[in-house]
Amino acid sequence: MKKMSLLVAGAACLLATSCGTVGAGSASSNTGTDVLNGVIGVLNNANTIGDVISSVIGSNKLTKSQLYGTWKYNGPGCAFTSNSALAKAGGEVVASQIKSKLKEDYSKVGFTAKNTQITFNKDNTFTAYVDGKKFSGNYTYDESTNALKLTGLLLSLNGYATRNSQGVAILFESKKLLTLIQTMSAMSGNTTLSSIGEISKNYNGVRLGFDMAK
């Protein structure tokens, strides 16, 4: 119930901000309606609330030993680099809306638990599959910052690993995520790429990727 109250309060602030900054007339009304629809969608989905209630990287600490093992795709991942970045974006309601948008696009690509997963080994090697395409190499993980670096023959990626209600999230700056999808899936003309780009333009400090579960 406390989580619900926080979401409602955040939504009310977001609605007030939207109505005050967009301008008079139908534009303001439409913005308010969009926000309210987003709020209703969040409040009607308990799983979504659990997924985004900790939408800041590092809010739930993840040790290196907790990272070991095989993690399978469980949905889109989204988190912000700081509390201030999350607040400026409009709070956890907006984080939920971003994940909902990514879910639609990821389903078009065809990400599933069977074709998208990653295994972290104790010897600092990893093996990943993105849409069935293999990517392997070495990794480093900094527990203090949640910084994750994946280094392989095809490409190297700097991102984050953070804990969430379902398991872990593997997240990247949007351009890095675009590079990963382009390299592994060769989908340069896919609508997902433009959607990821639009999200990055509208929200500073957002990191996107994959929620993973064992």
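Residues numbered from 1 in each chain as written. Predicted model: local features only at pLDDT ≥ 70, side-chain atom pairs only at ≥ 80, totals over all residues. Heavy atoms only, no water.

Draft legend 1. Just the side chain of Asn164, in detail. Mapped onto the elements of the fold, Asn164 is located in the loop between β6 (156-163) and β7 (168-172). At a separation of 2.8 Å, a polar atom in the side chain of Asn164 contacts the main-chain amide nitrogen of Gly167. Only 3.0 Å separates the side chain of Asn164 from the side chain of Asp211, close enough to count as a polar contact. Ignoring any residue separated from it by four or fewer positions in sequence, one finds Asn164 in contact with Ala169 and Asp211. (Helix = DSSP H or I, 4+ residues; strand = E, 2+ residues; numbered from the N terminus. Polar contact = N/O pair within 3.5 Å; in protein donor to acceptor, adjacent residues only side chain to side chain. Contact = heavy atoms within 4.5 Å.)

Draft legend 2. Examining the sheet that holds strand β2 (residues 117-120) more closely. Judged by pairing direction, the barrel is antiparallel, and its eight strands sit side by side in the order β1-β2-β3-β4-β5-β6-β7-β8 before closing back on the first. Sheet twist, expressed as the average angle between the axes of neighbouring strands with direction ignored, equals 35°. Relative to strand β8 (residues 206-213), strand β1 (residues 69-80) runs antiparallel, the two sharing eight bridges. Its bridge partner being in β8, Pro76 is matched across the sheet by Phe210. In this fold helix α6 (residues 92-109) packs onto β1 and β8, with an angle of close to 130° to the strand it touches most, β1. (Pairing = 2+ DSSP bridges. Axes fitted to C-alpha atoms, helices over the stretch in contact; angles between N-to-C directions.)

Draft legend 3. Broad picture of the packing of aromatic side chains. If you walk through the whole model with that rule in mind, you get eight aromatic pairs. Arranged with centres 6.2 Å apart and planes meeting at 50°, the rings of Tyr73 and Tyr106 form a pair that is tilted. Taken as a pair, Tyr73 in strand β1 and Tyr106 in helix α6 lie far apart in primary sequence, 33 residues in all. Tyr106 shares its class with Tyr73; the two are buried. With 5.9 Å between their ring centres and 55° between their planes, Tyr73 and Phe111 make a pair best called tilted. (Phe/Tyr/Trp six-rings, centres within 6.5 Å; stacked < 30°, edge-to-face > 60°. Buried < 20%, exposed > 50% of the residue type's maximum accessible area, 1.4 Å probe, protein only.)

Draft legend 4. Examining the environment of Thr70 more closely. On the secondary structure map, Thr70 appears in strand β1. In this structure Thr70 comes out as partly exposed when scored by relative accessible area, which is 32%. Thr70 sits 144 residues away from Lys214 along the chain, and the two C-alpha atoms are 6.3 Å apart. Among all residues touching Thr70, those that are not within four sequence positions of it are Gln117, Ile118, Thr119, Ala213 and Lys214. Here the side chain of Thr70 touches Thr119 through a polar contact of 2.7 Å, side chain to side chain.

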